[in-house]
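Close look at the chain arrangement
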Amino acid sequence: MSDISTPALGPTFTAGFWKENPVLRLLLGMCPTLAVTAALKPALTMGCCVIFVLTCSNIVVSLMRNLLKPHLRILMFTLTIATFVTIADLILKAFAADMSAALGPYVPLIIVNCIIICRAEACASKNGLVVSVIDALGMGLGFTMTLCVLAGIREVLSTGKLMEVSVMPSAFVPWAAMGMPVGAFITLGLMLGLVNIIAKKTS
Amino acid sequence: MSKVKFFIEQSWLLIVAALLFGVLLAGAQTGLNPRIKANEEKKLSDSMKMLITDANHFELVAEDVEIPTGKKVVLSDVYRGVTQSGDIAGYAFIAEGAGFADKIRLVIATDVGFTRYMGYKVMFSNETPGFGDKVKNDFYSQQYVGAPIQRLELAKAGDNLVIDQRIVAISGATVSSDAVIKIFNTFGRKIKSQLQAQGVIQ
């Protein structure tokens, strides 16, 4: 559990946006990706919660990485993540009660979001504090960006609005299905296909 | 002794972390709880105003009314909606029961005579999005507006616009639909009889 070599900060930060994007390349965090992307606001809120939890858990795991025993590490990761998810849930209930109600069980479910435990295991438990924070911010922002793109497409097509502001011509007929689960699967599938095509052409 | 030493060696980090995280959570809970409580009270007040539209303000008329729900007893608060002129506009009470995924907590409103329901609002639920959470939708909830305070029954098919003791279930969410009916059946008549016993209503 000690440092092997210190990765460069730039590539570590940008990895989450494209090369190792948690949703589009690693297919992690599918539950919130499909569930909270009917509109941009809840998607953005979920992204912020994940950034908060990921950063805090990466900091704690990185600080205690030299003390971790191999057979206890998953338990320690889960304990750490659960603590920060509970705090994020409380903050949301206190300062954005309506959004907390709208997101329902998906905020507590961040505890089982594979992105968080994946970064704790793959990065924070092997690297120093700075690299772990940069990795958390990069991965969190990559996740949030993907959620926002997916939610933006769905919200515009299902309501003709973006953040409750009309963005489509008055003749536009909303596609109700895009606001339903089927819309999430179709949009995500098309996004994954597009990313695969781009990745193949650029590799 | 060596077993104790081995145990401490293996688990000290876990114990220390659990204690520290516990303190952190207690601090967060203590700091944020007043604001969370205020949000909940505002939500309750707004929900009651939406149900009893004539009410200008609400008064607590019975606190911690004990309602037996199978194995345990649930405490419910009953509020009276009062109009600007001082007349009673209706009653509202908190009720809860087991849903499909988690408990469902409702605020249920009744008319002045406690003979008919004026509807309900969901205060808390973790029902499945797209299915069970449709208990918040008008299609389902409007069936309770004007329904008699009698034993309600779940109907798998029927006309949801007919207001009587038969409540048409949400397609694909029979358990959640049934859970709401059970909450009404558990609380409605028991609250009424307790308020009658206390002399709050006739």
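Described below are features of the structure shown in this document.

The rules behind these values
- Residues numbered from 1 in each chain as written.
- Chains lettered and ligands numbered in written order.
- Predicted model: local features only at pLDDT ≥ 70, side-chain atom pairs only at ≥ 80, totals over all residues.
- Heavy atoms only, no water.
- Helix = DSSP H or I, 4+ residues; strand = E, 2+ residues; numbered from the N terminus.
- Rg over C-alpha atoms; globule rule 2.2 N^0.38 Å.
- Buried < 20%, exposed > 50% of the residue type's maximum accessible area, 1.4 Å probe, protein only.
- Phe/Tyr/Trp six-rings, centres within 6.5 Å; stacked < 30°, edge-to-face > 60°.
- Pairing = 2+ DSSP bridges.
- Axes fitted to C-alpha atoms, helices over the stretch in contact; angles between N-to-C directions.
- Contact = heavy atoms within 4.5 Å.
- Salt bridge = Lys/Arg side-chain N within 4 Å of Asp/Glu carboxyl O.
- Bend = angle between axes of the 7 residues up to and from the residue.
- Disulfide = S-S within 2.5 Å.
- Buried area = accessible area lost by both parts, 1.4 Å probe.
- Polar contact = N/O pair within 3.5 Å; in protein donor to acceptor, adjacent residues only side chain to side chain.
- Nonpolar A, V, L, I, M, F, W, Y, C, P; charged D, E, K, R; others polar.
- Core = buried A, V, L, I, M, F, W, Y, C linked by side-chain atoms within 4.5 Å.
- Parallel < 35°, antiparallel > 145°, perpendicular 65-115°, else oblique.
- Left-handed = near helix turned anticlockwise from the far one by under 90°.

**Looking at the overall build of chain B**
Counting secondary structure elements, chain B contains three helices and seven strands. Written out in order from the N terminus, the α and β elements of chain B read α-β-β-β-β-β-α-β-β-α. By the compact-globule yardstick of 17 Å for 202 residues, chain B is too spread out, its C-alpha radius of gyration being 22 Å. If one aligns the C-alpha atoms of chain B with their principal axes, the spans along those axes are about 70 × 40 × 30 Å. A burial count over chain B gives 39% of its 202 residues as buried.

**Some remarks on the packing of aromatic side chains**
Residue and element names in this part refer to chain B. Under the defined criterion, the tally for this structure stands at ten aromatic pairs over all chains. Residues Y91 and F114 carry aromatic rings whose centres are separated by 5.7 Å and whose planes lie at 45° to one another, so their mutual orientation is tilted. With Y91 in strand β3 (residues 88–98) and F114 in the loop between β4 (103–110) and β5 (117–124), this pair connects stretches of sequence that are 23 residues apart. With a relative accessible area of 0%, F114 lands in the buried category. What links up through ring pairs into an aromatic cluster is the set Y117, Y120, Y140, Y144 and F184.

**Focus on the sheet that holds β3 of chain B**
Residue and element names in this part refer to chain B. Sheet architecture is open: five strands sit in the order β1-β2-β3-β4-β5, paired in antiparallel fashion. Of all the strands in the sheet, the pair left with one neighbour each is β1 (57–69) and β5. When the angles between neighbouring strand axes are averaged without regard to direction, this sheet yields 20°. Here helix α1 (residues 2–51) sits on the sheet in contact with β1, β2 (72–82), β3, β4 and β5, set at roughly 160° to β5. Set on the sheet, helix α3 (residues 174–198) makes contact with β1, β2, β3, β4 and β5; between it and β1 the angle comes to about 110°.

**Considering the pattern of salt bridges**
For the structure shown, the criterion picks out ten salt bridges over all chains. The partner of E20 of chain A in a salt bridge is R119 of chain A, and the shortest N-O contact between them spans 3.9 Å. Taken together, the positions of E20 of chain A in the loop between α1 (9–15) and α2 (30–35) and R119 of chain A in helix α6 (residues 114–124) put the pair 99 residues apart, joining distant regions of the chain. Accessibility expressed as a relative area gives 28% for E20 of chain A, which makes it partly exposed. Take R119 of chain A: its relative accessible area is 9%, and that puts it in the buried class. For R105 of chain B, the salt bridge is made with E96 of chain B, and the minimal N-O distance between the two is 3.3 Å. For R105 of chain B, a relative accessible area of 27% puts it in the partly exposed group. In this structure E96 of chain B comes out as buried when scored by relative accessible area, which is 17%. Bridged by salt links that share partners, the residues E20, R119 and D135 of chain A form one connected network.

**Examining α1 of chain B**
Along its length, α1 of chain B reaches its greatest deviation from straightness, about 60°, at S11 of chain B. By the burial criterion, the buried members of α1 of chain B are S11, L13, A17, F21, A28, L32, I36, L44, S47, M48 and L51 of chain B.

**Brief notes about the state of the cysteines**
Residue and element names in this part refer to chain A. Applying the stated criterion to the full structure yields zero disulfides over all chains. Unpaired in terms of disulfides, C31 finds its nearest cysteine sulfur in C114, a separation of 9.9 Å. C56 carries a free sulfur, and the closest cysteine sulfur to it, the one in C49, is 11 Å from it.

**Section: the interface of chain B and chain A**
Taken together, the contact between chain B and chain A spans 20 residues of the former and 25 residues of the latter. Around 1,900 Å² of area is buried between chain B and chain A when both sides are counted, 79% of it from carbon and sulfur atoms. Applying the counting rule to chain B against chain A returns four residue pairs in polar contact (both at pLDDT 80 or more). In the side of chain B that touches chain A, the residues fall into twelve nonpolar, five polar and three charged.

**Digging into the nonpolar core**
Formed by 54 residues in total, the largest nonpolar core has its most connected members in M46, V53 and I110 of chain A. Within the residue set of this core, elements represented by two or more residues are α3 (40–63), α4 (73–95), α5 (97–103), α6, α7 (129–159) and α8 (181–202) of chain A together with α1 of chain B. Residues in contact with M46 of chain A, not counting those within four places in the same chain, are P32, V36, L103, Y106, V107, I110, F143 and L147 of chain A. Membership of the second largest hydrophobic core comes to 34 residues, among which are V135, V180, I183 and I191 of chain B.

**A look at the pairing of β1 of chain B**
Residues and elements named next belong to chain B. For β1 and β2, the ladder comprises ten bridges, and the chain directions are antiparallel. Each bridged residue has a counterpart across the sheet, and for E66 the counterpart in β2 is L75. The hairpin turn running from β1 into β2, its antiparallel successor, is two residues long, and G70 in that turn takes a positive phi close to 75°.

**Remarks on the pairing of β5 of chain B**
Residue and element names in this part refer to chain B. Where β4 meets β5, six bridges bridge the pair, whose relative direction is antiparallel. If you follow V107 over to β5, its bridge partner there is K121. Here β4 folds back onto β5 in antiparallel fashion, the turn holding six residues, of which F114 has a positive phi close to 55°.

**Looking at the environment of A55 of chain B**
All names here are of chain B. Within the secondary structure, A55 sits in the loop between α1 and β1. Sequence separation between A55 and I170 is 115 residues, and the spatial gap between their C-alpha atoms is 30 Å. Contacts of A55, omitting those with residues within four sequence positions, involve G81, V82, T83 and A89.

**A few points about the packing of α7 of chain A against α8 of chain A**
Residue and element names in this part refer to chain A. Relative to each other, α7 and α8 sit at 125°, their axes nearing to 10 Å. As summarised for this structure, α7 and α8 are arranged oblique, according to the angle between their axes. In this structure, the crossing between α7 and α8 has a hand that is right-handed. For the pair α7 and α8, the contacting residues are T146, V149, L150, I153 and R154 in the first and P181, G183, A184, T187, L188 and M191 in the second. Tallied by class, the residues present in the contact of α7 with α8 amount to seven nonpolar, three polar and one charged.

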